[in-house]
Structures are given as structure tokens and as C-alpha cells.
Amino acid sequence: MPEHNNYVSLAAAAASGAAAALIARRFLSQDNHRRVLCGSDLHLSADDSSDTCIYLDHNGTTPIYAPVLEEMLPYLTTHFGNPSSGHAYGKEPKAAVSLARRRVMSLLADDDESGAMADDCIIFTGCGTESDNLAIELALASCGKRDHVVTCNIEHPAVLECLKVMVKAGKIELSVVGVNDEGIVSVDDIAKAIRPDQTALVTIMLANNEVGSLQPIAEIAKICREANILLHTDAAQAVGKVSVSLKDLGHPDMITIVGHKMGAPKGVAALYVRKGCLSEHGRCEPDGYGSCGLALRGGGQERGRRAGTENVPYIAGLGKAAELMTKPSVSDSNTQQWMCNAKRMDLLRSRLLENIKTALGEENIRVNGPADPTARLPSTLSVGLGNIHSGELLKAISNKVAASAGSACHASGGGVSAVLRCLNVPDEFARGTLRLSVGPSTTEEEVDKASEIIVAEAKMQMDS
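An account of the accompanying structure is given in this report. Along each chain, numbering runs from 1 in the same order as the chain's sequence is written. A pLDDT threshold of at least 70 governs which residues receive local features in this predicted model, and a stricter bar of 80 or more applies before side-chain atom pairs are shown or counted, although totals over entire chains, interfaces and linings include all residues. In computing side-chain values, all of the structure's heavy atoms are included and hydrogens and water are not.

## A word on the pattern of salt bridges
Between side chains of opposite charge, a pair can form as their charged atoms come close. For salt bridges, the criterion is a side-chain nitrogen of Lys or Arg within 4 Å of an Asp or Glu carboxyl oxygen. Applying the stated rule across the entire model yields 17 salt bridges. Across the pair Arg101 and Asp119 runs a salt bridge, and its minimum N-O distance is 3.9 Å. Placement of the pair is Arg101 in helix H4 (residues 88-105) and Asp119 in helix H5 (residues 111-121), with a sequence separation of 18 residues. Only protein chains enter the accessibility calculation, which uses a 1.4 Å probe; a residue is then buried when its area is under 20% of its type maximum, exposed when over 50%, and partly exposed in between. Given the relative accessible area of 8%, Arg101 is considered buried. In this structure, the salt-bridge partner of Asp448 is Arg351, at a minimum N-O distance of 2.8 Å. Here Asp448 is found in helix H16 (residues 444-463), whereas its partner Arg351 is found in helix H12 (residues 337-360), with 97 residues between them in sequence. Of the residues examined, Arg351 reaches a relative accessible area of 32% and is grouped as partly exposed. Comment: elements are numbered from the N terminus, with helices defined as DSSP H or I runs of at least four residues and strands as E runs of at least two.

The structure is reproduced here in C-alpha cells:
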């Protein structure tokens, strides 16, 4: 049976590692590596057939970095076993998951601390939405009769939509705090929204995915700690761009980390849960948590905190991406790689803005989000072009520049972004807003060329 023999041959190749070698040669050859930046190895994993299209949508998703793909390959081929298996095929996958857990924890804590904390604190999930939903479920399930949640009006849909459904079902009461015109929430407003005997959770994102505004999480953490209220922050957009150190963030109770925003594949994420936070100050760990899971119930994977067989290749990739961020920079051994990348991305963002401003005139553009560079992501430029229709512009240049008008997570709704509405962006600029986001692999040449393309199309609309 030739077909059967083909399967046998593939299995034999996988077991011997030949399949991994073949894939590696094809996808990871020197010719396919695009570039190395800032002394790092955060090059793209493979040559892209869309090389003529400049990629400025890193907030939507990042390319998979070559070392990440290399880390994943053995667990798609040779080490394909189930990490829960007690036999030889389960040993390497189990070790890979354990290593990835420590590497992800190293994003949040010093190396001396991360090893000891990883097993207790890091839960691997399937996506950022699952991590956000799980954080909300854990908080409410552990707080007994407390049923009040505080959030802000520019949160990701993974938080806002989850909470809205709970409100509609009569499960919670919700306070949604507004942001200022730069997209930053007031610490005082958060404090005022808290109900001392009723609030179970405050959930505020660290960095907004559309305008890049950074929230004062450390100050909010202090308020929550004093009130014995759980704090969750979605750090999906922040990792690799700003510090996500527990110390710098004021030690939040739960943190969402997402793979495809940091050079790992889509379909893997993590939730940090501070050890003991669900069982202190009158809280009680939810039934099933620690045995069969909570949001997903089943086997005892992830130490009984999230059921379902671990996605070993993707988890390994997430761990490698975390290691790439935290390792010392080649150009400065005293600086972690993400800091080097962030500095460079900020220069590219500034160059992009200056190019557009010079060509169209300062009066015809509006930068959305914080003016202070320390209050925003270094990679994100949300810029409104006066009396331009961003959808038409992006469609016209879609084969030359990959960018977006707002978040890819709810871009299909059409119209002006709800985030821009919350920032009171005037309609003539809101309708023409582009979200341009650079990454570690972006070059100055790409920024300059993309600027020319965007400006040329904008001028055509202005003249028509």
C-alpha cells in the first residue's frame, strides 16, 4: 500500500529528526533571513512573498522570529509526545513546557526569582482572549458575594465584551471609567469607582492597542492592594516595548501575555496569577481550580488550573520569544534586548510621523494618544489625516503598505473606532486615522518608502 508506506516514511523521518532538518533548511536558510537589528537575532522566520508590501501592522500581529520557529520545530516532529505521558516520548515535551514557563516568568521577575515562581504563577492558554476571560472568572469565583468590577472604556473587547455579557446575565455590576483625551485613565477616578465591600476586580490594560497610551498600573495596583481588591492587567501590547516587570507595575495580581504580539505564533498566550492571591483577604480558590480547571474543565493539565493537552510547539515558541526579549543585548550587555528594540522603534515611529507631517502640513494631521513619549508605546503611531477616508486610503495602498485604521480585533465593524470616540477625536481626523506600528525588523528605508506611499494617496484624496 503505497499510501500507507508514505505515512510510515514520514513517521520515520520525524522520529529520526530528518523532517525537522528538512523544514529548517527550507524555512531558516540564510537567504530567507531578512535582517538582524540592534545586535539581536529578531529577524523574520522566512522570506515573505509579500516583500514588496511594507509591513507596518506589528500591533495586529508580529512575524514569527527565526529562533522561535527553530525552537518549535522539534516538538512538531521528533518530540511529538504528550507532556503528560510517563514514557520516554513525554519527557522532552514536558521539559520544554517547564522551560517555557520559566522563560515567560523571566519577563516579569528577575532570574533569581522567576525559576521559583514559574510553576506556581504561569498558566498557558490558547490566546489573549482566553487569558483575559480566565482572569475575570478567577477573580469573581474567588470573591464570593463580591460582584462588582471596575474597568475603563478603551479596554480590549476580550475584557469589555466578557464583562458586558456578565452584566446582561445579571452576574455582575460594572463601573466603566472614562479616559482623558490622550487615552489615559485617572487613578483618582479608579479609586472613586471602587466599592470597598463589593468590588472583586479592577481590570485595566497596560498599553492600548490602538493609540498606544500607557496606563498608570503601578499607582492603580497600590490602590487595589490597600483595598484588598484583585487587579488584572492585559499586557499583550506592552511586552517587548515597555517594562512588564512586577516591580515596575506595582505587583498586579494577574497579567495577560500574548504570543503573537511578541514574535511567537498565534494560538498561544499565558496568564500570570500571583501565588496566593485567590485565597487571601477572605477570598477562596474556586472549586476545581487546582484539579480540573475553571473556564475549561477536564484533565489536570497546568497543575489543574487549565484543562486541555498543552500545545507544546507553540508554548516552546512563546518561551523562546520571552527569552529573546530578556537576554542581554549584543550591543550593550547591561541592557536587555527589548530595551534596545524599544529605543530603535521609537526613532522609527518619530521618523514616520515627521515624514508625514512635513509632506502634508502640520495643520492637516492629528496625533492621537499621549504627546509625552514616556506615556505611550514606542512602536505605535495613531495619526489622523484631515478629511481623508482611512478605509479608502488603506484599500488603495494595501499591496504596498500593510497598516490598519484601528484594532484588527474589531476592525470588521466599520465606522470610527470606539477608542477614538472615547478620546474625543474630531470626526474629520477620526475618519482619516491610520494606526501605523513598527517592529524590531522595520528599517528606515521601509519607513521612508511607506511615508511616500501614504502621502501620495492622501494627496490624491485631498485633490479629488
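After that view, the rundown keeps rolling.
## With respect to the pairing of strand E12 (residues 433-437)
In the case of a regular strand, side chains alternate between the two sheet surfaces. With respect to burial, E12 is a largely interior element, five of its five residues being buried. Alternating positions in E12 separate into two faces, Thr433, Arg435 and Ser437 on one and Leu434 and Leu436 on the other, with burial throughout. The pairing criterion for strands is at least two bridges between them, as found by DSSP. Relative to E12, strand E10 (residues 380-385) is paired through five bridges, and the arrangement is antiparallel. Each bridged residue has a counterpart across the sheet, and for Gly384 the counterpart in E12 is Thr433.

## Let's talk about the environment of Lys222
Mapped onto the elements, Lys222 comes out in helix H9 (residues 217-226). Lys222 gets classed as partly exposed once you look at its relative accessible area, which sits at 46%. Each C-alpha atom of the pair Lys222 and Leu249 lies 9.6 Å from the other, and the pair is 27 residues apart in sequence.

## Remarks on the sheet that holds strand E9 (residues 365-368)
In space, the three strands of this open sheet follow the order E9-E10-E12, with antiparallel pairing throughout. Edge positions in the open sheet fall to E9 and E12, since each of these has one partner strand only. In this sheet, neighbouring strand axes are inclined to one another by 30° on average, regardless of whether the strands run parallel or antiparallel. The pairing of E9 with E10 spans four bridges and is antiparallel. Each residue of the ladder has a partner; that of Ile365, found in E10, is Leu385. Working convention: axes come from line fits to C-alpha atoms, limited for helices to the stretch in contact. Angles between N-to-C directions cover 0 to 180 degrees.

## Brief notes about the sheet that holds strand E3 (residues 148-152)
The sheet built from seven strands is open, its strands ordered E2-E8-E7-E6-E5-E3-E4 with mixed pairing. The strands lining the two open edges of the sheet, one partner per strand, are strand E2 (122-125) and strand E4 (173-177). Each adjacent strand pair in this sheet contributes to an overall mean axis angle of 20°, direction not counted. Of the strand pairs in this sheet, E3 and E4 are connected by five bridges, and their pairing is parallel. The partner of Cys152 across the bridge, within E4, is Val177.

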